Amino acid sequence: MIDFSTLLAPDRGQPARDIHVVHPDAFGDWLARQPPRIRTAVAANRVSGKAGNRAVLPGEGAEDWSMLLVCDEDAASPWRIASLGDGLPEGTYRLAGGEPGAAMLGWCLAQHRFTRYKATEPVGARVLLTGEPARIEEVVRLAHATALVRTLVDTAAADMGPAELEAEADRLALAHDAKVTVTRGDALATGYPMIHAVGQAATRERGPRLIELEWGDPAHPRIAIVGKGVCFDTGGLDLKPSAGMRLMKKDMGGAAHALALAGLVMAARLKVRLHLLIPAVENAVSAAAFRPGDVLATRLGLTVENTNTDAEGRLVLGDALTKAVEGAPDLILDFATLTGAARVALGPDLPATFANDEALAAELLAAGDAVRDPLWRLPLWDGYDDMLKSDVADMVNAPDGGFAGAITAALFLRRFVPAGIPWAHLDTFAWRPVGKPGRPKGGDAYGLRATWALLKGRFS
């Protein structure tokens, strides 16, 4: 992974090429103030003042040039100059007429590439100068966290199983003096029966486990971060079609978000007692696979009639949430690539966000808006709770009919969280189907910066 700290530097007046960012509405006035050589270059590049237009602007000397970008995004957007981050030659740059501010993040992430499986030519760094050096460390942390999500999700399932998620937790623990505990085998079967049931069809090497990391002063407020770690989802015996299985390497995207957020918490040394929980499984097919119609025990003591082996994420999260609750946390956040229904309703960009606490919900949505990482709240609608009724068990995991799929999945999870513990559930996609500046097609973080802003605001 690229070292993002090499891409930003304090502006001490050192030589650098200017980047002129001009809003389409101001383009005419800007052009009128330019000398003839600039107007000629603009015309030669057919720059009309439309957002996305760009041109190299000549200076007075042969080697003296700057860059023009016509952009309709405001100064608070992380992606304002991201389109230049991977398109300019190696060198040092500064934003003419202002500070890059939030745009430093997009500048960094535009230079990140997932290259594990293909050879690429080395590219030199494009360094952006800033007069706000105190912001660099925070931007670099966010860039590394976002790139971690992308890298984990982009990695092929053959190379990203439960053991690899465990190794990532170990890496974080070593870096921040945290403790990792892993439950597997017979202890998992008796203590976390739903996690065991979902993962029992996998090979021994990819066997199910609950990965826990603890860090921080026990006297500080306890927060739990839970991430769905289904490292590949065949759908189980309710087998997905090939098109539905194609991207299921990303079904551990919730775990990737949880690991990245935990890393941010520890790196910033927030005043919390952190409890990270990742139920890591592969939903495989074999003679040992759990079946439709099976009645599953749970750590909480409830019973669940399994009506769909492809609704496995909520099962593993249920046991993990139960464990989180046993620590009496002040806050629980969970991330999961949980339902196609959320994507149908909201598309890839907006994580469906559920919360059992109005203040928490409002704070989360406001944090997302502030950092341009939007969330969209959906209701924990009590009227749909009856859809979880079972004739033979305390509840089903997936109601018939398909109505309100994201909501009923969240209601299932709510059964494992007492009302007195503030809890938010983010049903996130973790994948960008179409690339944008600074955000290539592939794995991506949705809701990471929003939840980080919330935690930083509460516990710094």
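Up top is the structure.
Residues numbered from 1 in each chain as written. Predicted model: local features only at pLDDT ≥ 70, side-chain atom pairs only at ≥ 80, totals over all residues. Heavy atoms only, no water.

A. Fine view of the overall build of the chain. Counting secondary structure elements, the chain contains 15 helices and 20 strands. Radius of gyration (C-alpha) of the chain: 24 Å, near the 23 Å computed for a compact globule of 460 residues. By its C-alpha atoms, the chain is 80 × 45 × 45 Å across when sized along the principal axes. The contacts in the chain between residues at least 6 apart in sequence include a share of 77% that link residues at least 24 apart. Total accessible area on the chain stands at roughly 19000 Å², and carbon and sulfur atoms take up 53% of it. Once the 49 positive and 56 negative side-chain charges of the chain are each reduced to a mean point, those two points are 4 Å apart. (Helix = DSSP H or I, 4+ residues; strand = E, 2+ residues; numbered from the N terminus. Rg over C-alpha atoms; globule rule 2.2 N^0.38 Å. Contact = heavy atoms within 4.5 Å. Areas by Shrake-Rupley, 256 points an atom, 1.4 Å probe, with all protein chains shown as cover. Lys, Arg positive; Asp, Glu negative; His and termini not counted. Charge placed at Lys NZ, Arg CZ, Asp CG, Glu CD.)

B. Summary view of the pairing of strand S2 (residues 17–22). By the bridge criterion, three bridges tie S2 to strand S5 (residues 91–95) in an arrangement that is parallel. Looking at the pairing, Ile-19 lines up with Leu-95 of S5. Relative to strand S4 (residues 65–70), S2 runs parallel, the two sharing four bridges. Bridge assignment links Val-22 to a residue of S4, and that residue is Val-70. (Pairing = 2+ DSSP bridges.)

C. Broad picture of the sheet that holds strand S1 (residues 8–10). Spatially, S1-S6-S5-S2-S4-S3 is the arrangement adopted by the six strands of the open sheet, whose pairing is mixed. The open sheet terminates on both sides in strands that have one partner only, identified here as S1 and strand S3 (54–58). Sheet twist, expressed as the mean angle between neighbouring strand axes with direction ignored, is 30°. Summarising the sheet, S5 and strand S6 (residues 126–130) pair through three bridges and their orientation is parallel. Looking across to S6, one finds that Thr-92 is bridged to Val-127. Running at roughly 150° to S3, helix H2 (residues 36–44) makes contact with S3 and S4 of the sheet. Packing against the sheet, helix H5 (residues 136–154) makes contact with S1 and S6, and its axis sits at approximately 175° to S1. (Axes fitted to C-alpha atoms, helices over the stretch in contact; angles between N-to-C directions.)

D. Region of interest: the packing of helix H13 (residues 358–370) against helix H15 (residues 448–459). Close contact between H13 and H15 brings their axes to 8 Å; oriented N to C, the two are set at 115°. The angle between H13 and H15 falls in the class roughly perpendicular. For the element pair H13 and H15, the recorded crossing hand is right-handed. Side by side, H13 and H15 meet where Leu-360, Glu-363, Leu-364, Ala-367 and Gly-368 of the first sit next to Ala-450, Thr-451, Ala-453, Leu-454 and Arg-458 of the second. (Parallel < 35°, antiparallel > 145°, perpendicular 65-115°, else oblique. Left-handed = near helix turned anticlockwise from the far one by under 90°.)

E. Seen up close, a nonpolar patch on the surface. Judged by side-chain polarity, Leu-237, Leu-239 and Val-285 come together as a nonpolar surface patch covering roughly 260 Å² of accessible area. Tracing the backbone through its elements, the reader meets Leu-239 in the loop between strand S10 (229–233) and helix H9 (242–245). (Patch = residues over 30% accessible without salt bridge, like charges linked within 9 Å, V, L, I, M, F, W, Y side chains within 5 Å. Salt bridge = Lys/Arg side-chain N within 4 Å of Asp/Glu carboxyl O.)

F. Structural context of helix H6 (residues 162–176). Across its 15 residues, H6 extends 21 Å between first and last C-alpha, which sits within 8% of the 21 Å expected from 1.5 Å per residue. By the burial criterion, the buried members of H6 are Pro-162, Leu-165, Glu-166, Glu-168, Ala-169, Leu-172 and Ala-173. The arc enclosing the buried residues of H6, seen along the axis, measures out at 155°, which places them on a common side. Of the exposed residues in H6, the ones pointing more than 90 degrees away from its buried face are Leu-174 and Ala-175. Contact partners of the buried residues in H6: H5, strand S7 (179–184), strand S8 (209–215), S10, helix H10 (253–267) and strand S11 (273–283). Following H6 by one or two positions, Asp-177 adopts a phi angle in the positive range, close to 55°. (Expected span 1.5 Å × (residues − 1). Buried < 20%, exposed > 50% of the residue type's maximum accessible area, 1.4 Å probe, protein only. Arc of directions from axis to C-beta.)

G. Up close: unusual backbone geometry. Positive phi outside glycine occurs at Arg-46, with the angle close to 55°. Looking at the element boundaries, Arg-46 is found in the loop between H2 and S3. Non-glycine residue Ala-404 carries a positive phi angle of around 50°. In this structure, Ala-404 sits in the loop between strand S17 (395–396) and helix H14 (405–414). Taking relative accessible area as the criterion, Ala-404 reaches 27% and is therefore assigned partly exposed.

H. View of the nonpolar core. Within the largest apolar cluster, 83 residues are counted, with the highest numbers of intra-cluster contacts made by Leu-8, Ile-19, Trp-107, Leu-165, Leu-213, Leu-274 and Leu-455. What Leu-165 contacts, discounting residues up to four positions off in sequence, is Met-160, Ile-211, Gly-229, Cys-231, Met-252, Ala-255, Leu-259, Ile-278 and Ala-280. Counting residues in hydrophobic clusters, the runner-up holds 46 residues, among them Val-304, Ala-352, Ala-406 and Ile-421. (Core = buried A, V, L, I, M, F, W, Y, C linked by side-chain atoms within 4.5 Å.)

I. Molecular detail of the packing of H5 against H15. Relative to each other, H5 and H15 sit at 135°, their axes nearing to 11 Å. Relative to H15, the element H5 lies oblique. With respect to the hand of their crossing, H5 and H15 are arranged in right-handed fashion. Residues Glu-138, Leu-142, Ala-145, Thr-146 and Val-149 of H5 pack against Leu-448, Arg-449, Trp-452 and Lys-456 of H15.

J. Quick look at the environment of Ala-345. Positionally, Ala-345 belongs in helix H12 (residues 340–346). Residue classification places Ala-345 among the exposed residues on the basis of a relative accessible area of 54%. Along the chain, Ala-345 and Met-266 lie 79 residues apart, while their C-alpha atoms are 34 Å from each other.

K. Just the environment of Ser-48, in detail. The residue Ser-48 is located in the loop between H2 and S3 in this model. Linking Ser-48 and Asp-154, residues 106 residues apart in sequence, is a C-alpha distance of 38 Å. Among all residues touching Ser-48, those that are not within four sequence positions of it are Phe-27 and Asn-53.

L. Representation of the sheet that holds S17. Spatially, three strands are ordered S12-S13-S17 in an open sheet, and the strand pairing comes out mixed. Two strands close off the open sheet at either side, each with one partner strand: strand S12 (295–297) and S17. With two bridges connecting them, strand S13 (residues 303–305) and S17 associate as parallel partners. Across the sheet, residue Val-304 finds its bridge partner in S17, namely Met-395.

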